[in-house]
Amino acid sequence: MKRKLKSNVYWVGKMDWELTRFHGNEYSTHRGSSYNAFLIEEEKVVLVDTVWAPFSKEFVDNLKQEIDLSRIDYVIANHAEVDHSGALPELMQYLPDVPIYCTANGVKSLKGQYHKEWNFKIVKTGDTLDLGGGKQLVFIEAPMLHWPDSMFTYLTGDNILFSNDAFGQHYASEYLFNDLVDQDELYTEAIKYYANILTPFSALVTRKIQEIFALGVPVDMIAASHGVIWRDKPLQIAEKYLEWADAYQENRIAIIYDTMWGGTRRLADAIAKGIQGADPEVDVRLFNAAQRDKNDIITEIFRSKTVVLGSPTINRGILTSMAALIEEVTGLKFRSKRAAAFGTYGWSGESVPNLNTYLKKAGFELINEGLITLWEPDDRILKQAEEFGKDIARASSV
Ligand code: FEO
C-alpha cells in the first residue's frame, strides 16, 4: 500500500524486516532495511527508484494496485545499484518506451547489469523535468555518494530531496518518518551506515552538502532510499554528515583483538586497565574481532580517537578475523586516528610488525612500535602491558 509523504508524493517501496546481511555478507543489518521508492502524481506521473530484485514482482504487483502503470510518464533512477534498480526489468516490461532519467554513469551501470536498451535520458546537475502544476524535478549529480552514477533529485514546490543512498540507514520501520522512531536506534543505524559506507568519500560528502546549502533552496524532507524519511528538521542529518565527514572522533579508545589461548586477551585487559588508570575520562572498549560483529567494530573505530589492535602470531602472520577487519578498514580511509599494536607469540613473533605495517598502510598514526610478548603473560608482562596502555592514553590525549 502506498504511504503519503506530502501533497501528491507517496512511498511505494519495500520494508525488508528479514534482511540480516547486505552487500552479500559484507554489512550486518540488525534492524532490517527498506528499499524506498516514490511515486509522484502531478500532471506528470513519476516513479523515483525501485526495489531490490527479489522483491521486483511484489513491487510491480503492489504498484499496479495503486496506479494504472500506463499513467507513469517518467522513471528516475537515482542510482543503479541492484537494491534500487532491481525491479526495473520487471517494471519495464509494462513501460517499454517510458524514459528512464539517470546520469551517464547510470546508463553504463544499468546496461551493464540488465543488458537492455531502455529509453535512457542522461541528465546532469541543474537539468530539470517539468511535472506540470508549477512543479519541477531538478537533478543533482552526486558522484561517489556512494557510486560514480549516484544522483539526487529535488522536487520543487514540495521541497523534497530524493537523496538515494546518502542520508540513509539500514533500518526497517513501519513508522516511516524520523520523528516517530526510537531516536537512539535511528542514530545508531545512521552513524553505522556513514562509518561503513561513506567514510572513504568524506571530502565529496562535505562538498556536495555545501553545494546544496549554497543553493539556498528549502528542504522540507530528505527522502533517502533506505530507512526513514527525514521530515522533522530534515537538515539535521546533513549537518551530522558534515560533522562525521570532518575526521570525526569521540573521546574513545577501541581495543580490538583476537586470541588463540587467551594470552593476547589478557594483554588487552591489562592495556585497558592502563588506559583507564591514566585517563579515567576516556571511554575504553574491548572487542574480540572473531566474536563481535565486524560492522559494529568498524563503527566503534569510526567513533574512536585511537585504536589498539592485537593478535598472536600464527604462521608468521595474524589471525584471520584481524586480517579481514584491517582489509576493510584500509579501504575506508579513516583520517586523523592514532593506533598501536600488541600480541603474544611463542616462536617467531611477526604479528605486531605485521599489524604495524597494516596500520600504517591504512593511514593510522602509530603511537609506538607496539608491544610483543613471549609465551603466556605473567604478572611482570601484564604490568608492562598496563604501562603500554598508559602510554597510549597519554599519547591520545594530546
Ligand atoms: Fe542502496 Fe548503493 O545502494
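Residues numbered from 1 in each chain as written. Predicted model: local features only at pLDDT ≥ 70, side-chain atom pairs only at ≥ 80, totals over all residues. Heavy atoms only, no water.

Trainee: Can you walk me through helix α7 (residues 235-244) in this structure?
Mentor: Note that an α-helix has 3.6 residues per turn; residues three or four places apart therefore point the same way. Those residues of α7 not exposed but buried are I237, A238, Y241 and W244. Down the axis of α7, the buried side of the element spans an arc of 120 degrees, and every buried residue falls inside it. Close packing links the buried residues of α7 with α5 (183-198), α6 (202-215), β16 (221-224) and α9 (294-303). (Buried < 20%, exposed > 50% of the residue type's maximum accessible area, 1.4 Å probe, protein only. Helix = DSSP H or I, 4+ residues; strand = E, 2+ residues; numbered from the N terminus. Arc of directions from axis to C-beta. Contact = heavy atoms within 4.5 Å.)

Trainee: How do you make sense of the pattern of salt bridges when you look at a structure like this?
Mentor: Two side chains bearing opposite charge may form a pair once their charged atoms approach each other closely. Tallied over the entire structure, the rule returns 32 salt bridges. Of the charged contacts in the structure, one is a salt bridge between D179 and R231, with a shortest N-O distance of 2.8 Å. Separated by 52 residues along the polypeptide, D179 in the loop between β15 (160-164) and α5 and R231 in the loop between β16 and α7 bring together distant segments of the chain. Looking at D179, the relative accessible area reads 34%, which means it is partly exposed. For R231, a relative accessible area of 32% puts it in the partly exposed group. (Salt bridge = Lys/Arg side-chain N within 4 Å of Asp/Glu carboxyl O.)

Trainee: Which parts of the structure should I look at to understand the sheet that holds strand β8 (residues 45-48)?
Mentor: Sheet strands line up and pair through hydrogen bonds in the backbone, either parallel or antiparallel. Reading across the sheet, the 7 strands line up as β1-β2-β7-β8-β9-β10-β11 and stay open at both edges, with mixed pairing between neighbours. Pairing within the sheet leaves two strands with one partner each, and these edge strands are β1 (3-6) and β11 (120-122). Strand after strand, the sheet turns through a mean of 25 degrees between neighbouring axes, direction not considered. Note: strand β10 (residues 100-102) against β11, 3 bridges, orientation parallel. Counterpart to Y101 in the pairing with β11 is K121. (Pairing = 2+ DSSP bridges. Axes fitted to C-alpha atoms, helices over the stretch in contact; angles between N-to-C directions.)

Trainee: I'm lost on the side chain of T313 in this one. Help?
Mentor: Position of T313 relative to the elements: it lies in the loop between β19 (306-310) and α10 (320-332). A polar atom in the side chain of T313 sits 3.1 Å from the backbone nitrogen of E350. Engagement of the side chain of T313 in a polar contact is seen with the backbone nitrogen of S351, the distance being 2.9 Å. If sequence neighbours within four positions are ignored, T313 has contacts with T344, Y345, S348, G349, E350 and S351. (Polar contact = N/O pair within 3.5 Å; in protein donor to acceptor, adjacent residues only side chain to side chain.)

Trainee: Teacher, can you tell me more about the pairing of strand β20 (residues 338-345) here?
Mentor: Note on strand geometry: in a regular strand, side chains alternate between the two faces of the sheet. Extensive coverage of β20 is indicated by the burial of 6 of its 8 residues. Taken together, the 5 bridges between β19 and β20 define a ladder with parallel strand orientation. Bridging across to β20, V307 finds its partner in A339. In this fold, the crossover linking β19 to β20 by way of α10 has right-handed handedness. Pairing of β20 with strand β21 (residues 365-366) involves 2 bridges; the strand directions are parallel. Bridging across to β21, R338 finds its partner in E365. Of the strand pairs in this sheet, β20 and strand β22 (residues 371-374) are connected by 4 bridges, and their pairing is parallel. Bridging across to β22, F342 finds its partner in L371. (Right-handed = clockwise from strand over helix to strand, strands pointing away.)

Trainee: Would you mind going over a nonpolar patch on the surface with me for this structure?
Mentor: Residues W347, L374 and W375 make up a contiguous nonpolar surface patch of roughly 440 Å² in combined accessible area. Position of W347 among the secondary structure elements: in the loop between β20 and α11 (351-361). Judged by relative accessible area, which is 76%, W347 ranks as exposed. (Patch = residues over 30% accessible without salt bridge, like charges linked within 9 Å, V, L, I, M, F, W, Y side chains within 5 Å. Areas by Shrake-Rupley, 256 points an atom, 1.4 Å probe, with all protein chains shown as cover.)

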